[in-house]
Each structure stands twice: as structure tokens, then as C-alpha cells.
Amino acid sequence: MSITVDVEFSGGLELIMKDKVRQATVSLPATADGKPTTVRQVILYVRDNLVADKPQLFSTENTVRPGVLVMINDSDWEVEGENDYQVQDKDKVLFISTMHGG
Amino acid sequence: MCDSVDQSEHPAPRQARSQRVPGMCIKCKTAKPNVSIRLSLYCKPCFVKAEIFKFRTALNKSRQKANQHGTKLMAAVSGGPTSMAMLKLILDFHNVGRQGKTASTAFASVTVGHVDESALFPGCEDGVQRILQAEDVEVVTARLEDVFDSEEGLELVEKTVTPGAVRDKFVAQIVRQNPGVSPRERLKQLFSGLSTATNREDMLDSIKTFLIKKLAQSCGCRTLLLGDSGTRMATKVVTYTSRGRGYSLPFEVLAESQWGDIAVLRPMREWIAKEVAFFNRWTAQPSAVVPTFTTGAPAKASIDRLTESFIVALDRDFPSTVATICRTVTKLQPQDDAADAVHCLVCGMPAEAGAQTWRNRLTVSDVSSTESEGPVAAGAKPEPEPETKLAAGGIDITQRLCYSCQNLLHDAKPGTVLPEFSTHRYQTSDAADLRKQIEEFLI
Ligand SMILES: [Zn+2]
Ligand SMILES: [Zn+2]
């Protein structure tokens, strides 16, 4: 079984994505190693499949780099459990860079 | 531990998250929170309300201190997230003030001052203009190349940078500009002659500051709002300190400072970048991605970038980092002699006397050991000479440069022509002998 998640990029992150996409729909298995898929898997998927080059501008240490904000369904991911939030089918995940240098 | 400091304001690791009503918004205590700011949880409506309130409080306080009432106001807007949030907030403030009975809270008018940077960053201005046109406000725009729109220029002809010498020397002369070269081209030449991204960022800052101030003056605005967030301020403080800008730091980072007859207010300095991002998102405020010399470059591309990464990473683990730096900075006071100090020809800030002497006992000047040199940096540094003769018509401008701008010009090639404001600042210098020299030139 798989789920789909809408991802969106802003604050300049869209510029480092393949074809400079602002939005994409990604499909992930509902579970990984028997555990529900978390937003960390979404981040790693984006890093490995959507970022055109310089993945360090998006992600370091298997999560988003400092200065990249994450919103899950229009809420701060910090109130949703951050990396361990279990993504649901049709969730919307927004990544915003706040870095001056992009 | 010093007990004059509020315990709650100490940097605390993020794990120690406090919740006044567990799991609920700190304001209404009934809604599920949507955002966490410095360990406090807010629901969406309470967050937006709290931010508007914070802006008004900061602006009223600053205005009181700067004694700016009923003046014409200019908001410096790049089109980036913080300045667009500020624009929304100031228009809201202004309109509410005008409609209310207490019309005294309104400004005489609000104008947007914008600097078009497309000469250096092509292709970015269209998006910014589109966003600005959508706002119900008058917009005045200056272009970066405007600082080269004059007949004369101050050209660096010579410099002696001798390690261990008593003093460095920078010699310049006033030249007539080649009318065949456009202002835009001259601007590009200036930037291609600066060897590092850090130096280019510094020069760009100086030019933008000058242009915004000039825009405010030409529109008769006595109050100028700058959209520096707390995150940006904290980065500036560390960058400027490492660049040797301590002397003029108070003028560049305080909540309110005076530039000549213009009161400069920074009402966004209590906002961290995250608050700006959420505010814009939840109030549907569009903004543009404003490029820099290091957009898309690694963190070590410039001192400013390196500092930003450091601050942002620290703030993620210790959410009071930015607030603590900004609060510490409010205690800075300009030195007594700064008011009378000469203004640096390049950055326009007070230049400490004797800067060139301690420049030689130098600490951090750049990150050239890690900084990748641009393709334009190939020019070899001139061999240091034991003695420098002033070239014909040459003027020793060393005393007219602040410590940091001496560093900025350290690597500049002879032949570099400075923006027209350098000529102007030089010409308005009080030194009589200098004035005489100019008069002779003009005859
Ligand atoms: Zn609430
Ligand atoms: Zn200077």
C-alpha cells in the first residue's frame, strides 16, 4: 500500500529543485520496515529525487538543514512531532528556506 | 548567576519546551497550536494578532524615542519576506491610524523606497515589481547604477599595503568618467574589481544604504523604516564585528538611529525569520526571493553566509540565540567622539581616527583562506613599496576610510572607480587644503 504526499517549496528552495518545481506529488510506501512512514522519509525522498544539485542546501544529517522551515498541513512541524510525524495520505508538506543566501 | 536577567530568557535547549496549558495555544488556551515560537505555542489567529501587536508596540516605542510624529515615512522594501511583512504591517498601522479617532498615530504618508538591483542580479526585478505594484502604495525606485551617474569619479590609483608597516596608504584621484561607458558598466567594473564575495556584499550594502537615504531625502521623508529581522540583525552584529565595524555598529543595528536628519527605525528586529515566514504564509502576503552574491553557494562563501549558518543552526537548538544577541545589542552606545568623526568615503559611517594604525595589528580581515576567489580576482597584488610618492593629483584618502573599508579596498585593483558618493563625501570634507585641490581640479 502506498500514500501520496503533496510537497511544496518556497523561499528559494524551488530554485534548487529539478526543473525548479514549486510543487510535486510524491508517492511513498505507507510503511517502512514495518513502521509507519514519517516526514523524515519525505525529506530524504525529496533530497534524493527532487533536488537538482547541492543537496546540502536542503538537507543535512538526514533532516532539513537549519534555516529550512517545515509546515505540515499549514502547521509548524514542531507542533506535529517534527521528523517523527507519521505522514497520512494526501498530507501537504511545505518547505520554506529562510536563508538569506538561498 | 546574574539575577537581573530573567530566567526565562536564558537560552534553553529545545527539549525543555514549556506549555502554559499543556498542548494548547498560549494566548487563547483553547485552540490547538499551529506554531512554536521560542518555546511558546500559538494557534494561527492568535499568532497573527500577537505579531501585529508586537509590530505596533515596537514602532510606537521607536517613534516616541526618535520623536517622529506626523512625518512622512519611507519603508525600505527589497521585496524579500521581511520587508514585505513590514510593508503589510506599516500599511495596516497607517490605515488604522487614519480611520481611528487618534489620527496622530498615522504618518503623513507612507512611500515605498526600493533599490533595483538588476544591474548585478539580472532577471530578478520583474518579480519584485509585480509584487510591489499589487500593493496600494506609492513606490519610488532607484537603480544601483545611479551611483555612477556623474561626470566625475574617485579613482583608486595606488595603495601600499605593507605587512608590518606603520600604516597602509590609499591614494586616489578625481577623474572624469569616460562618457562612452554607461553607469551600469561602471558599476559592474567596480564589483568585478572586488576580489571576494564578502567585499562585494559590503560594497553593495553601502550603495543600497546611500540610495535609500537619498530616496527618503528626495521624497521629504524624515522617518525611514528598514526591514531587518532579528535573525538578520544578529547575523549583522557578528559579521560586522568580525569585519572590524565595531565603531559604527551602534548606528547600523540599533532599533532607532539618526542618519543626518532622517530617523531610521528597525521595527522588525524582534522578529525571527520563522515568524516572518509564518506571518506571510498565514496572511497570504507574497514576497520575492532576493538574490545575493552567494545565493546557492556553500556556507563558507562569505563571512556573512558563514555567520548566518552559524546563527541559524544555534537558534534551532537554542531558540533564544537571536533574541539574546539582539537584546545585548540594544545596550550598545556610540562612542562620544563618533558624532564628530569623519564619515568614511565608502560606507558613510563614522570612521575611527587612527584606523590604519591598528589595521596593521590586524585580526580578521576576510575568509580568503576558505573563500573561493571569483574569476575576476586574478589580478596580482602589487608589490609593496617601501615609500609611496603621491601621483600627480593624487590624494591620500587613508584617513577618510574606516577600518573595514580599508580592508574592503585592500584587494581592489588600482583603477577601481568608487561610486559618486565617495567623490561627494570627499568634496564636502572640511579640510581646506583638500577643498583647494578640488577647486583647482574643477577650474
Ligand atoms: Zn490561540
Ligand atoms: Zn567605511
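The name given to chain B in an unreviewed UniProt entry is Cytoplasmic tRNA 2-thiolation protein 2, with Linderina pennispora as the source organism. Here chain B is described in UniProt, under the heading Subcellular location (unreviewed entry), as follows: "Cytoplasm". One UniProt comment on chain B, placed under Sequence similarities (unreviewed entry), says "Belongs to the CTU2/NCS2 family."

Chain A is annotated in an unreviewed UniProt entry as Ubiquitin-related modifier 1 of Linderina pennispora. Per its UniProt entry, chain A bears the Pathway (unreviewed entry) comment "tRNA modification; 5-methoxycarbonylmethyl-2-thiouridine-tRNA biosynthesis." Per UniProt, chain A carries the Subcellular location (unreviewed entry) text "Cytoplasm".

Turning our attention to the environment of T111(B). Residue and element names in this part refer to chain B. Examined against the element boundaries, T111 turns out to sit in strand β4 (residues 109–116). Residues T111 and E51, spaced 60 residues apart in sequence, show a C-alpha to C-alpha distance of 22 Å. Non-local contacts of T111, meaning those with residues more than four positions away in its chain, are made with L73, M74, A75, V137, E138 and V140. At 3.5 Å, the side chain of T111 and the side chain of E138 are in polar contact.

Residue and element names in this part refer to chain B. In the first shell of the zinc ion (ligand 1), the protein supplies C25 (SG), C28 (SG), C43 (SG) and C46 (SG), at 2.3 Å from the metal. Relative to the metal, the four donor atoms surrounding the zinc ion (ligand 1) lie at angles of 98 to 117°, and the coordination shape comes out tetrahedral. Residue C28 is classed as partly exposed on the basis of its relative accessible area of 29%.

Residues and elements named next belong to chain B. Buried residues dominate strand β3 (residues 72–76), accounting for four of its five residues. Relative to β4, β3 runs parallel, the two sharing five bridges. Within β4, the position partnered with A75 by the bridge is V112. Examined bridge by bridge, β3 and strand β8 (residues 223–225) share three bridges and lie parallel to one another. Note on β8: the bridge partner recorded for L73 is T223.

Our focus in this paragraph is the interface of chain A and chain B. In many analyses, interface size is given as the accessible surface area lost on bringing the parts together. Contacts between the two partners involve 28 residues from chain A, matched on the other side by 29 residues from chain B. The contact between chain A and chain B buries some 2300 Å² in all, and 54% of this surface belongs to carbon and sulfur atoms. Counting the contacts that link chain A with chain B gives six salt bridges. A salt bridge links K32(B) to E80(A), with the nearest nitrogen and oxygen atoms 3.4 Å apart. Linking chain A to chain B there are nine residue pairs in polar contact (both at pLDDT 80 or more). Within the residue set of the side of chain A that touches chain B, elements represented by two or more residues are β6 (63–64), β7 (68–72), β8 (75–76) and β9 (92–97) of chain A. Tallied by class, the residues present in the side of chain A that touches chain B amount to ten nonpolar, nine polar and nine charged.

What follows is about the coordination of the zinc ion (ligand 2). All names here are of chain B. Taken together, C344 (SG), C347 (SG), C402 (SG) and C405 (SG) make up the protein donors of the zinc ion (ligand 2), found 2.3 Å from the metal. Taken together, the four donor atoms coordinating the zinc ion (ligand 2) and their angles of 105 to 116° define a geometry best described as tetrahedral. Mapped onto the sequence, the residues coordinating the zinc ion (ligand 2) show the spacing C-x2-C-x54-C-x2-C. Overall, C402 belongs to the buried group, its relative accessible area being 5%.

In a packed pair of helices, the relevant descriptors are the angle between the two axes and the axis-to-axis distance. All names here are of chain B. One can describe the packing of helix α1 (residues 44–66) onto helix α2 (residues 81–99) by two numbers: an axis separation of 10 Å at closest approach and a directional angle of 75°. When the axes of α1 and α2 are compared, the pair comes out roughly perpendicular. Contacts between α1 and α2 involve I52, F55, R56, L59, N60 and R63 from the first element and M86, L89, I90, D92, F93 and V96 from the second.

This part takes up the packing of aromatic side chains. The final tally for this structure, using the stated rule, is ten aromatic pairs over all chains. Measuring from ring centre to ring centre gives 5.9 Å for F9(A) and F95(A), while their planes differ by 15°; the resulting arrangement is stacked. One end of the pair, F9(A), is in strand β1 (residues 2–10); the other, F95(A), is in strand β9, with 86 residues separating them in the sequence. Neither F9(A) nor F95(A) differs from the other in exposure class; each is buried. Considering the side-chain rings of Y42(B) and F47(B), the 6.3 Å spacing of their centres and the 70° angle between planes classify their relative orientation as edge-to-face. Considered together, Y42(B) and F47(B) belong to a single accessibility category, that of buried residues.

Another point: the sheet that holds β4(B). Residue and element names in this part refer to chain B. The strand order β5-β4-β3-β8-β10-β9 describes an open sheet built from six strands, whose pairing is mixed. A single partner strand is all that each edge strand has here, and the edge strands are β5 (138–143) and β9 (256–259). Each strand of the sheet is rotated relative to its neighbour by a mean of 30°, with strand direction disregarded. Relative to β5, β4 runs parallel, the two being bridged by six bridges.

Turning next to the side chain of R305(B). Residues and elements named next belong to chain B. In this fold, R305 is placed in helix α9 (residues 303–317). With a relative accessible area of 4%, R305 lands in the buried category. Of note is the side chain of R305, whose polar atom sits 3.3 Å from the side chain of E201.

Our focus in this paragraph is helix α5 (residues 197–218) of chain B. Its 22 residues place the ends of α5(B) 31 Å apart at the C-alpha level, agreeing with the 32 Å of an ideal helix rising 1.5 Å per residue. Just past α5(B), the residue G220(B) takes up positive phi, approximately 70°.

With that out of the way, let us pick up the pattern of salt bridges. Scanning the entire structure with this criterion turns up 29 salt bridges over all chains. Taking the shortest distance from any N to any O, the salt bridge between K274(B) and D76(A) comes out at 2.7 Å. Here K274(B), found in helix α8 (residues 273–282), pairs with D76(A), found in strand β8, and the two come from separate chains. No difference in accessibility class separates K274(B) from D76(A), as the two residues are buried. Of the charged contacts, one joins R232(B) and D304(B) as a salt bridge, the two residues approaching to 3.2 Å between their closest N and O atoms.

Cut-offs and rules
Residues numbered from 1 in each chain as written. Chains lettered and ligands numbered in written order. Predicted model: local features only at pLDDT ≥ 70, side-chain atom pairs only at ≥ 80, totals over all residues. Heavy atoms only, no water. UniProt positions renumbered as here; feature names shortened; annotations may be inferred. Helix = DSSP H or I, 4+ residues; strand = E, 2+ residues; numbered from the N terminus. Contact = heavy atoms within 4.5 Å. Polar contact = N/O pair within 3.5 Å; in protein donor to acceptor, adjacent residues only side chain to side chain. Donors = N, O, S within 2.8 Å, 3.2 Å for Na, K, Ca; no water. Tetrahedral: all angles 85-135°; square planar, octahedral: opposite > 155°, others 65-115°. Buried < 20%, exposed > 50% of the residue type's maximum accessible area, 1.4 Å probe, protein only. Pairing = 2+ DSSP bridges. Buried area = accessible area lost by both parts, 1.4 Å probe. Salt bridge = Lys/Arg side-chain N within 4 Å of Asp/Glu carboxyl O. Nonpolar A, V, L, I, M, F, W, Y, C, P; charged D, E, K, R; others polar. Axes fitted to C-alpha atoms, helices over the stretch in contact; angles between N-to-C directions. Parallel < 35°, antiparallel > 145°, perpendicular 65-115°, else oblique. Phe/Tyr/Trp six-rings, centres within 6.5 Å; stacked < 30°, edge-to-face > 60°. Expected span 1.5 Å × (residues − 1).

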